[in-house]
2 protein chains.
Amino acid sequence: MSSPYESLLKSVREIGQLESVESLLDWDLETHMPPNGLKARAEQLSIMARLVHDRRTSPHLGELLGTLNGDAADPVQATNIRETRRTYDRAVKVPVELVGKIASVSTHAKAAWARARKDSDFTQFAPHLSELLELKREVADRIGHDGERYDALLSEFEPGAQTAQVAEVFAELRGPLSKFVTQLNQSSTRPDPSILCRRFPAAAQEKLARTLAAAIGFDFKSGRLDVSTHPFCSGSTPHDVRLTTRYQEDFFPAAIFGTLHEAGHGVYEQGLDAEHMFTPMGSAISLGIHESQSRLWENMVGRSRPFWEHFYPECKAAFAESFGDVSLDQFVGAINTVQPSLIRVEADEVTYNLHIILRFELEREMIAGRLDVADIPEAWNTKTKELLGVSPPDDANGCLQDIHWSMGTFGYFPTYALGNLYAAQFHAAAHRAIPDLTQRIAAGDFRTLHEWLRTNIYRNGQRYRAGELVELVTGQPLSIEPFMAYLREKFSPFYGL
Amino acid sequence: MSSPYESLLKSVREIGQLESVESLLDWDLETHMPPNGLKARAEQLSIMARLVHDRRTSPHLGELLGTLNGDAADPVQATNIRETRRTYDRAVKVPVELVGKIASVSTHAKAAWARARKDSDFTQFAPHLSELLELKREVADRIGHDGERYDALLSEFEPGAQTAQVAEVFAELRGPLSKFVTQLNQSSTRPDPSILCRRFPAAAQEKLARTLAAAIGFDFKSGRLDVSTHPFCSGSTPHDVRLTTRYQEDFFPAAIFGTLHEAGHGVYEQGLDAEHMFTPMGSAISLGIHESQSRLWENMVGRSRPFWEHFYPECKAAFAESFGDVSLDQFVGAINTVQPSLIRVEADEVTYNLHIILRFELEREMIAGRLDVADIPEAWNTKTKELLGVSPPDDANGCLQDIHWSMGTFGYFPTYALGNLYAAQFHAAAHRAIPDLTQRIAAGDFRTLHEWLRTNIYRNGQRYRAGELVELVTGQPLSIEPFMAYLREKFSPFYGL
């Protein structure tokens, strides 16, 4: 006879195995599936989703969780029980009919959004958005909250995060960040990014991208790099993590920093404890912590001068025609150009969080019912001007630019900004713990940082909530200071401030 | 309320969807999975296999089949009920413990076989083979038979086929075929195959392989061609069929005819009726019929003179360095060289069936318990000399060459030879139905033959058993005559007979 905990673990592992199969079906859909395969793939994904949902909400799992109500002494057991209970509670609270209804409404909403964006006409999308908001409010009420419905949605992506606390941090950040962007923007000194728009053959980009990913610790014996329209990292197990990127021959940063970003996600997945594969102790904490790892490697390491002190000679040789007349300083300046713009996905690391704050502030009001759907375009444009100093000429370049809302995804955007803040805190803590880290990076030693992240973050699985982990690892709660200090120290010299 | 038949169909479709997921997991394992992914992949395959087995043997399915006992008037319904009953009956008769036991014994047997082959020492493999034979006899007894246990095993791969009938046909074939091989072998006139061992760059081979596959009707919008160690065709649905091949730069036939072979399987899968996807009416009949389609396109079309009248100019231009001095006649002769040899997988289309007859005759005796395992090497060597005129120097080149027995696979080999016989009958019937087929092929028109096969074979799904289909389409029961006539007509000129 196995113990209730062993039975729980067996069920949880099976769910994880089935989810990892879903993950492969999705990866294949985006990378290798022949175009006509879509219909059957939808059926395959649908049956797998049903199998997972049935297991996630099974009475057997509920009974086991009932028996395991007490606190387990062993932290591994405690984590696995706590997190399984969390996902079980959420899953049983939302009726399968409501999930199905959202999926169906969202299918139409996505099509309407695509048309609306094409015509730059928000009114075509508005009724669908209203319907989705109503349904997501119902989801929030089913899950339960203390008056702030957004909490229930946010916690799907960032367990334990509180809307009020996030709002407070973002409110603290928006003023100084916006002011810093204005300062940079008004300076007459600035890097020249046009050198990044020369010619960069895809094959040479791929070679460099693979070199950089491997250098920061991505293990190609336990992973792959392929091509897809939208880059992503699909991590089904620590031993099989799949990155994608896209090569733009007339824009150097897309594939190179895109790969470093996905490889940052990838080393986190590969660094999870394989002994706990398919269980919470072997899983990533939250989207915010995941994003902290991609941003740390992409921006804080990958766009730093020391990183390119090591790699620029190889890079220059690989793209001799385009970079032959470009110095290391010119190159590092170019990849760190700050330019307030309308489109989030093209934003640099300084202005990025302003795009997120804008979305978070609007989403919170929308879910609370304090912002009418009809008023979204005006609110969007006003906030864009206020935060970034630019004005969208139309809704296609404004409130219709992102697909997320048409998918019924609310509470997801803030994890991007949280990721940037977490990353800066981890980055500062790593530099305190490894005093010669800068020199190590310039010398091509990324293993020391990788090991530090592995020990302090990856190996903990879901043992701590994001906020707890940040405090544990960095010695302070979530704060804007390390992020602002990092930005000021890094960007001021490029802009002669 | 859905009818019992609709409920049956729903269950059957779900099984098919899950099997198609298994198929993708296998394909990925062979083509793209990073090496460290194996352990988790084994767990994924194991849970999927359990889900499929649970559904295949579910009491619900049994009850539905009980209600549907009568003959359905509609041929589609009749087919789906009959074939679902067949697989259900087989599945419930073999206890899951026995299936597990065979899987476990076979894991050790495969390892022992690999060592035994390396050391060329049959005694290392013998005890494992004895154990597997004992277990497979138990499977046969559970499934049931009329005294000939081999029937129960054969019917897993070739439903409806009778061992006695297969034995009779093979007995008829062995004499004339063996004699024809001797005649060819004794002739002083013979083609020169050495031109096929020159240099053929992989990229140019891939281009030609894709051209040929597309020409015979393989639709790349509903399929792919990748690289794997052992070529295969993985057809999860008619809209997503995946071929693999392997490029040998110093041996022209491997990738080119390998691709044509797999594409032959592929056009069959793509030609199945998508309306009946995931049900018996939308599935291939048997391994023998499947092999008939691969062999027909690979050998009867793909190694014919008319085929290369159309393609040789392009081929010669692609490999100008190697084929510059090679005439069409020299080329067609070279790809049709007959050479009795020890190894089945390297055999040409004339000697191939002799290798199969040898295995079938031994397997039948082994399962019946009339041939002691210890006597296998001697029996193998005697039959090889008798059928092919050559003698294995050791067991590695003799009875240890194939992996099949170590996997507990008995009753599989004869489907290869049946495929060749079926192919010749279909090929002859197609030429009767399309009198100018030879000229059409020489002119690059493969659509007419493809359409004929589609109408007469692919679209029938599992409506007919293999034997019935052959008789229906060709007007005669399984016979060796079309095969021998085809061989004599094609090969005699190359050998001056």
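Because the structure is predicted, anything quoted here is derived from the model rather than measured.

### Side note on the domain arrangement of chain A
All names here are of chain A. When its domains are assigned, chain A resolves into domain 1 (1-93) and domain 2 (143-497). When each unit is reduced to the centre of its C-alpha atoms, the spacing between domain 1 and domain 2 is 28 Å. Taken together, the contact pairs 21 residues of domain 1 with 17 residues of domain 2. Contributions of two or more residues to the side of domain 1 that touches domain 2 are made by α1 (4-31) and α4 (75-93). With 12 residues, α1 is the largest single contributor of residues to the side of domain 1 that touches domain 2.

### A closer look at helix α7 (residues 149-157) of chain A
Residues and elements named next belong to chain A. Counting buried positions along α7 yields seven of nine residues, so the element is predominantly enclosed. Those residues of α7 lying buried are R149, Y150, D151, A152, L153, L154 and S155. For α7, the secondary structure elements touched by its buried residues are α6 (122-143), α8 (163-186), α15 (352-368) and α17 (413-433).

### With respect to the packing of helix α3 (residues 59-67) of chain A against α4 of chain A
Residues and elements named next belong to chain A. Following both chains from N to C, one finds α3 and α4 inclined at 135°, their axes separated by 11 Å at the closest point. Comparing their axes, α4 and α3 come out oblique. Crossing of α3 against α4: the hand is left-handed. Packed against α3, whose contacting residues are L61, G62 and L65, the element α4 presents T84, R85 and Y88 at the interface. Each residue belonging to the contact of α3 with α4 can be placed in one class, and the counts come to three nonpolar, two polar and one charged.

### Comments concerning the pairing of strand β3 (residues 240-245) of chain B
Residues and elements named next belong to chain B. The buried fraction of β3 amounts to six of the six residues, a majority that puts the element mostly inside the structure. Neither face of β3 is exposed, since D240, R242 and T244 on one face and V241, L243 and T245 on the opposite face are all buried. Strand direction decides the pairing type here: strand β1 (residues 223-227) and β3, joined by five bridges, are parallel. When the bridges of β3 are listed, R224 appears paired with R242. With four bridges joining them, strand β2 (residues 233-237) and β3 adopt antiparallel strand pairing. In the sheet register, G235 faces β3, and the bridge partner there is V241.

Criteria and thresholds
- Residues numbered from 1 in each chain as written.
- Chains lettered and ligands numbered in written order.
- Predicted model: local features only at pLDDT ≥ 70, side-chain atom pairs only at ≥ 80, totals over all residues.
- Domains from an automatic or database assignment.
- Contact = placed C-beta atoms within 7 Å.
- Helix = DSSP H or I, 4+ residues; strand = E, 2+ residues; numbered from the N terminus.
- Buried ≥ 20, exposed ≤ 12 C-beta atoms within 10 Å, placed from the backbone.
- Axes fitted to C-alpha atoms, helices over the stretch in contact; angles between N-to-C directions.
- Parallel < 35°, antiparallel > 145°, perpendicular 65-115°, else oblique.
- Left-handed = near helix turned anticlockwise from the far one by under 90°.
- Nonpolar A, V, L, I, M, F, W, Y, C, P; charged D, E, K, R; others polar.
- Pairing = 2+ DSSP bridges.

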